[in-house]
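# Topology and contacts: notes
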Amino acid sequence: MTMDMKKKKLFSTTGLIMAAVLLVAVNALSNLIFKSARLDFTENKLYTLSEGTRNILSSLEEPVTLRFYFSEKLGLNIPPLINYANRVRDLLEEYATLSHGKVDLMVLNPEPFSDEEDQAVQYRLQGVPVDAAGTLLYFGLVGSNATDEQETIAFFQEDKEESLEYDLTKLVYNLAHPKKKTVGLLSTLPLDAPPMNPFMQSQATQPWMIVDVIKQTFQLVDIQPDAAAIPENVDILMIVHPKNLSDAMLYAIDQFVLNGGRLIAFVDPYAETDTPVPDPQNPMAGLTAPRNSDLKKLLDQWGIELTDRKFAADRQHAVRVTVSGGMRPQSIDYVAWLSLREDSLASQDFVTGDLKQITMGTAGILTSKNMEGITVAPLIETSSQAMPMDVSQLMMPNPANLLSSYQAGSEKLMLAARVSGAVKSAFPDGKPGDNAATTLKASKAPVNIIVVADTDLLADKFWVNVQNFFGQRIAVPRANNGTFVVNALDNLSGSNDLISLRSRGRSNRPFTRVEQLQSEAEKRFLDKEKALQARLQDTERKINDLQSKKQGNDALILSSEQQQEIEKFREEQVKTRKELRAVQHELRGSIESLGSTLKFINIGLIPILILLLALGMSLYRYRQLRT
């Protein structure tokens, strides 16, 4: 071996060592410098936090500790759960990174009989059995703040993945702002009737169950309709059936909203629960007494309008009621009462996204005034077959008459909406009777208002059965009306950043092409199965016809015609079964072909492209050297 060859070998070995050291150094340096760098190529930007979440994390003043519990070993046999747990952990790490040290994340593995499992039990996280021995898997989150107040997510449910960011951000926000929010209730309906002796009071004198539901989560303050101001400690104002409110109260509401206060208003063109006081001198006066809400002066400035003297009728969502008349009671669709399912509730809004059913009675119709700078987003809508009907038809309601006069419409009607944006005052000339008072002429920040065109949904009869158990009222909900109200108040109690969050996509995306292939094959399979069943019935009918013509002992013996029919059917049955198996084989072949294509793209295509690129660069360098 010559000296030149030894030098080349030495340089070659040294170069490889230096390249390896340089590679390790570059990786270590990049991990240090680009630790917070993220590239999110998912379709719905699942790993990119919303601006609202970023603002909340950057504004944290006190430290927040998050303890993430996941039984990793027990979850290895459940791939979807492992994938979802990885996504939750990645998202929590992003929270910690963006909080500039204010969020301390602890990832804990609560194995059976470990200290971590004891902690999970102490924090009341939900354990799910994963085997016959009852071994519990934990997958939850415990958050705490500097004053040791706690918020928990007992178990991360995969079917709530769309609201994952909202749930996490809300938990952090509540820990940063732990004070219980105050709801001011301004109502002309007797929602909070004073209770008497629980064993003697009638159902009519009890508070509506919605009041008890609100008190479980919020501080509740009553505001009399004839008051002239809103208490300063009110965070959210809940207005129910505003009628004959003074200008002083309307002004107070106006200024409350412009100053950043949150509001939910329940208005109604015909409030069934607004029962007029009987007049012995004029018994018919109660039928013609106005039962409509009046908040028009403020709604006009908020860019939304309640259609006058009209309610939404919708046969597709009509509640079926029993009416007496004729020979016997009969069930009929009462188009004025609506049982609204998931297809009528805004799935992207956290107020309605998880609800299954809301029941409304003679609900009004909301329309957007399309004012610049104001967004009106529907929360609850009818079907596209709904129609407006005049409230005069409700004076002496007759479900049969309403149904006979119902004509299907062609567009959805809005029953509840979220209003946001910059609004102006309804009192541009200042406070009525006091020109010297300081008056806001426009909102300081974008407002957040929810308007619901129904007050009756709050009444017990529309959503809950109330039972008396030794003086204690027990609620058995039939619909999600109570949850809707609490969700709305809870959502409005947050900051604008929290309210701005919306549902995100799912990380576990379905194989839509495979599902389409399976659906097409299933349809063909069912079609052939139906044809086979029809031929079977036809054969049985022919055999029975032939059998009915026979008498005596001959009826017990199959004729040659019957045997031929049976044999013919058997041949068709074998043929059809072969066709069904062919459909299944074709489906399996299509799925395997699709899988092979995807495997080639994921495994083989990228290396081939890299190889072609390397060959192209080598060819380019070879040509450069020759020139």
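Structure first, text after, so check above.
Definitions and cut-offs
Residues numbered from 1 in each chain as written. Predicted model: local features only at pLDDT ≥ 70, side-chain atom pairs only at ≥ 80, totals over all residues. Heavy atoms only, no water. Helix = DSSP H or I, 4+ residues; strand = E, 2+ residues; numbered from the N terminus. Buried < 20%, exposed > 50% of the residue type's maximum accessible area, 1.4 Å probe, protein only. Contact = heavy atoms within 4.5 Å. Areas by Shrake-Rupley, 256 points an atom, 1.4 Å probe, with all protein chains shown as cover. Salt bridge = Lys/Arg side-chain N within 4 Å of Asp/Glu carboxyl O. Pairing = 2+ DSSP bridges. Axes fitted to C-alpha atoms, helices over the stretch in contact; angles between N-to-C directions. Core = buried A, V, L, I, M, F, W, Y, C linked by side-chain atoms within 4.5 Å. Phe/Tyr/Trp six-rings, centres within 6.5 Å; stacked < 30°, edge-to-face > 60°.

## Overview of the overall build of the chain
Looking only at helices and strands, one finds 15 helices and 21 strands in the chain. By the burial criterion, 39% of the 627 residues in the chain qualify as buried. Looking at the chain alone, contacts between residues at least 24 apart form 74% of all its contacts between residues at least 6 apart. Accessible area of the chain: about 36,200 Å², with a carbon and sulfur share of 54%.

## What about the environment of I374?
If you trace the backbone, I374 turns up in strand β16 (residues 374-381). Put simply, I374 and V447 are 73 residues apart on the chain and 9.1 Å apart in space, counted from C-alpha to C-alpha. Not counting residues within four places of it along the chain, the set of residues in contact with I374 comprises Q301, W302, G303, V419, S420, G421, A422 and V423.

## Some points on the pattern of salt bridges
Under the defined criterion, the tally for this structure stands at 14 salt bridges. The residue K170 makes a salt bridge to D490 at a minimum N-O spacing of 2.3 Å. Of this pair, K170 sits in helix α6 (residues 164-176) while D490 sits in helix α12 (residues 481-492); the two residues are 320 residues apart in sequence, bridging distant segments of the chain. Taking relative accessible area as the criterion, K170 reaches 24% and is therefore assigned partly exposed. Overall, the relative accessible area of 18% leaves D490 in the buried class. For E272, the salt bridge identified is with K461, shortest N-O distance 3.9 Å. Here K461 lies in the loop between β19 (447-452) and β20 (464-469) and E272 lies in the loop between β9 (262-266) and α9 (285-288), a separation of 189 residues in the sequence.

## Quick notes on unusual backbone geometry
Phi at R124 takes a positive value of approximately 65°, unusual for a residue other than glycine. When you line up the elements, R124 lands in the loop between α5 (115-122) and β3 (127-129). Judged by relative accessible area, R124 falls into the exposed class, the value being 73%. For D148, which is not a glycine, the phi torsion comes out positive at approximately 65°. When you line up the elements, D148 lands in the loop between β4 (136-144) and β5 (150-153).

## Let's talk about the pairing of strand β13 (residues 330-340)
Buried residues dominate β13, accounting for eight of its eleven residues. Taken together, the six bridges between strand β12 (residues 318-323) and β13 define a ladder with antiparallel strand orientation. By the bridge assignment for β13, T322 is matched with S331. Sheet topology places β13 next to strand β14 (residues 358-361); four bridges connect them, and they run antiparallel. Directly across from L340, in β14, lies its bridge partner I358.

## Let's talk about the sheet that holds β12
Taken together, three strands build an open sheet; the order of strands is β12-β13-β14 and the sheet is antiparallel. Either end of the sheet is taken by a strand with one partner, and the two such strands are β12 and β14. Across the sheet, the mean angle from the axis of one strand to that of its neighbour is 55°, orientation sign disregarded.

## Some points on the nonpolar core
The biggest cluster of nonpolar side chains holds 49 residues, and the ones touching the most others in it are M238, F266, I380 and L458. The element that contributes the greatest number of residues to this core is α12, accounting for six residues. Setting aside its immediate chain neighbours within four residues, I380 contacts L340, S344, L345, I358, M360, L413, M414, L415, A416 and F484. Grouped together as the second largest cluster of nonpolar side chains are 37 residues, I253, L299, I374 and A426 included.

## A short note on the packing of aromatic side chains
Applying the stated rule across the entire model yields eleven aromatic pairs. Geometrically, the ring pair formed by F68 and F139 is edge-to-face, given 6.0 Å between the ring centres and 70° between the ring planes. Within this pair, whereas F68 is found in strand β1 (residues 64-70), its partner F139 is found in strand β4, the two being separated by 71 residues in sequence. An aromatic cluster is built from F68, F70, Y84, F139, F155 and F156, whose rings are joined through pairwise contacts.

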